[in-house]
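The chain contents come next:
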Amino acid sequence: MSESENFDFELELQLQAEQLARFAREQKSAEKTEFFNDIWQEAGVKDVRKMTVQDARRTLAILSNSEASIEFVKSFYAQAVVNGMPSHVLNFILQSDTDGDGRTLGQEIFVDGTNPFRADQPKQNQYCIQKSYELDLKL
């Protein structure tokens, strides 16, 4: 990775962290906070400020298994940022690709608007399948 690509990558992560913090300030819900606390408890996180990458992996797995919505994932991690989640842990989360579709969690929730826990079929492949089907009908 070149120096300018690395700078762009770091800038993108910083912008995503800022978006999460802004989102957290806009979201104030006691109901969500209760759900958040359940997830933290299940993951074994007692203090968000002392989170490790292992803790992040556990929270990602819990959210993935719960079929959490994009809004919930954003709210959950946004609140963690506000509560002092370490930046290296946040970077790990934003760079994670739990569904293996080649898009990071940050890209999926901020750019694509897709579920970061379910692989998305590329539109390109859908188009190719549709086109080949049309060609078969004409033959």
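Details of the structure are given in the entry above.
Given the structure is predicted, the values throughout are model-derived calculations rather than measurements. (Residues numbered from 1 in each chain as written. Predicted model: local features only at pLDDT ≥ 70, side-chain atom pairs only at ≥ 80, totals over all residues. Heavy atoms only, no water.)

## As for the overall build of the protein
So, step 1. Broken down by element type, the protein carries seven helices and zero strands.
So, step 2. Residues counted as buried form 33% of the 139 residues belonging to the protein.
So, step 3. The long-range share in the protein, meaning contacts at least 24 apart out of those at least 6 apart in sequence, stands at 58%. (Helix = DSSP H or I, 4+ residues; strand = E, 2+ residues; numbered from the N terminus. Buried < 20%, exposed > 50% of the residue type's maximum accessible area, 1.4 Å probe, protein only. Contact = heavy atoms within 4.5 Å.)

## Let's talk about helix 5 (residues 87–95)
So, step 1. Listed in full, the buried residues belonging to helix 5 are Val89, Leu90, Ile93 and Leu94. For helix 5, the arc enclosing every buried residue in end-on projection is 135°, short of the 170-degree limit, so these residues lie on one face. (Arc of directions from axis to C-beta.)

## Focus on the side chain of Lys74
So, step 1. With respect to the secondary-structure elements, Lys74 resides in helix 4 (residues 70–82).
So, step 2. Although buried, Lys74 forms no salt bridge, and the nearest oppositely charged side chain, Glu71, lies 4.1 Å from it.
So, step 3. Residue contacts for Lys74: discarding those within four places in its chain leaves Leu20, Phe23, Ile109 and Phe110. (Lys, Arg positive; Asp, Glu negative; His and termini not counted. Salt bridge = Lys/Arg side-chain N within 4 Å of Asp/Glu carboxyl O.)

## A closer look at the packing of helix 3 (residues 53–65) against helix 4
So, step 1. As a packed pair, helix 3 and helix 4 sit with axes 12 Å apart at the nearest point and diverge in direction by 155°. Taken as axis vectors, helix 3 and helix 4 run roughly antiparallel relative to one another. Of the two elements, helix 3 crosses helix 4, and the hand of that crossing is right-handed. Where helix 3 approaches helix 4, its residues Ala56, Thr59, Leu60 and Leu63 are matched on the opposing element by Phe72, Phe76 and Tyr77.
So, step 2. A breakdown of the residues in the contact of helix 3 with helix 4 according to their chemical character gives six nonpolar, one polar and no charged. (Axes fitted to C-alpha atoms, helices over the stretch in contact; angles between N-to-C directions. Parallel < 35°, antiparallel > 145°, perpendicular 65-115°, else oblique. Left-handed = near helix turned anticlockwise from the far one by under 90°. Nonpolar A, V, L, I, M, F, W, Y, C, P; charged D, E, K, R; others polar.)

## Examining the pattern of salt bridges
Side chains that carry opposite charge are capable of pairing whenever their charged atoms lie near each other.
So, step 1. Under the definition given, this model contains three salt bridges.
So, step 2. Of the charged contacts, one joins Arg49 and Asp47 as a salt bridge, the two residues approaching to 3.0 Å between their closest N and O atoms.
So, step 3. Residue classification places Arg49 among the exposed positions, given a relative accessible area of 55%.
So, step 4. Asp112 is the partner of Arg103 in a salt bridge, and the nearest nitrogen-oxygen pair spans 2.8 Å.
So, step 5. Assessed through its relative accessible area of 28%, Arg103 is described here as partly exposed.
So, step 6. Taking the relative accessible area as the measure of exposure, Asp112 reaches 31% and is therefore partly exposed.

## Overview of the side chain of Ser64
So, step 1. Locating Ser64 in the fold gives a position in helix 3.
So, step 2. With near-sequence residues (within four places) excluded, Ser64 lies in contact with Phe117 and Arg118.

Any functional reading would require information beyond the geometric quantities listed.
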